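Topology and contacts: notes
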Amino acid sequence: MIAIFSDALNVELIDWLKKTLTGIKYDRNTVKAALDGLKQAHTELAAQVDDFEQWLVGEMES
């Protein structure tokens, strides 16, 4: 299960992120691949997904 808390105005983005990341292996390559798939499926969200990906992967490397 994944929980994402945000004050983002785009609730749809948060829902897509939850669906995309639920049930996947928590490692950089798998997360990046899943988010790349989300960007391809919803190109209108690509810039926002990129921002989220940079933050999340950055946290995973810490």
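What comes next concerns the included structure. The shown structure was predicted, so the numbers you read here are calculated from the model rather than taken from an experiment.

1. A word on the packing of aromatic side chains
By convention here, two paired aromatic rings are described through the distance between centres and the angle between planes. The tally for this structure, following the rule as stated, stands at one aromatic pair. A ring pair is formed by Phe-52 and Trp-55, whose centres lie 5.8 Å apart and whose planes are at 45 degrees; its orientation type is tilted. With Phe-52 and Trp-55 both in helix α3 (residues 46-61) and three residues apart, this pair spans about one turn of that helix. Its guanidinium or amino end placed over the ring of Trp-16, Lys-19 lies 5.2 Å from that ring's centre, counting from NZ or CZ.

2. Points about α3
In this model α3 runs 22 Å from its N-terminal to its C-terminal C-alpha over 16 residues, within 8% of the 22 Å that 1.5 Å per residue would give. Among the residues of α3, Val-49, Phe-52, Glu-53, Leu-56, Val-57 and Met-60 are the ones counted as buried. On an axial view of α3, the arc spanned by its buried residues comes to 125 degrees, and they lie on one face. Set apart from the buried face of α3 by more than 90 degrees, the exposed residues are Ala-47, Asp-51, Gln-54 and Trp-55. In the core, the buried residues of α3 are packed alongside α1 (11-21) and α2 (28-41).

Conventions adopted
- Residue numbering note: each chain is counted from 1, following its sequence as written.
- Residue-level local features of this predicted model are given only where pLDDT is at least 70; pairs of side-chain atoms are given and counted only at 80 or more, and the full residue set underlies all totals for whole chains, interfaces and linings.
- Based on all heavy atoms of the structure, the side-chain values leave hydrogens and waters out of the count.
- When the centres of two rings from Phe, Tyr and Trp lie within 6.5 Å, Trp using its six-membered ring, the rings pair. Their planes under 30 degrees apart give stacked, over 60 give edge-to-face, and anything left gives tilted.
- Only DSSP runs of H or I covering at least 4 residues are called helices, and only runs of E covering at least 2 are called strands; the numbering of each starts at the N terminus.
- Think of it as a cone above the ring: NZ of Lys or CZ of Arg counts as a charge over the ring if it is within 6 Å of the ring centre and within 35 degrees of the ring normal.
- By this rule the span expected of a helix is its residue count minus one, scaled by 1.5 Å.
- Burial classes follow relative accessibility: with a 1.4 Å probe on protein chains only, a residue under 20% of its type's maximum area counts as buried, one over 50% as exposed, and anything between as partly exposed.
- Of all possible arcs, the one meant is that of the directions from the helix axis to the C-beta atoms.
- When checking whether two residues touch, look at their non-hydrogen atoms; a contact exists if any pair is within 4.5 Å.

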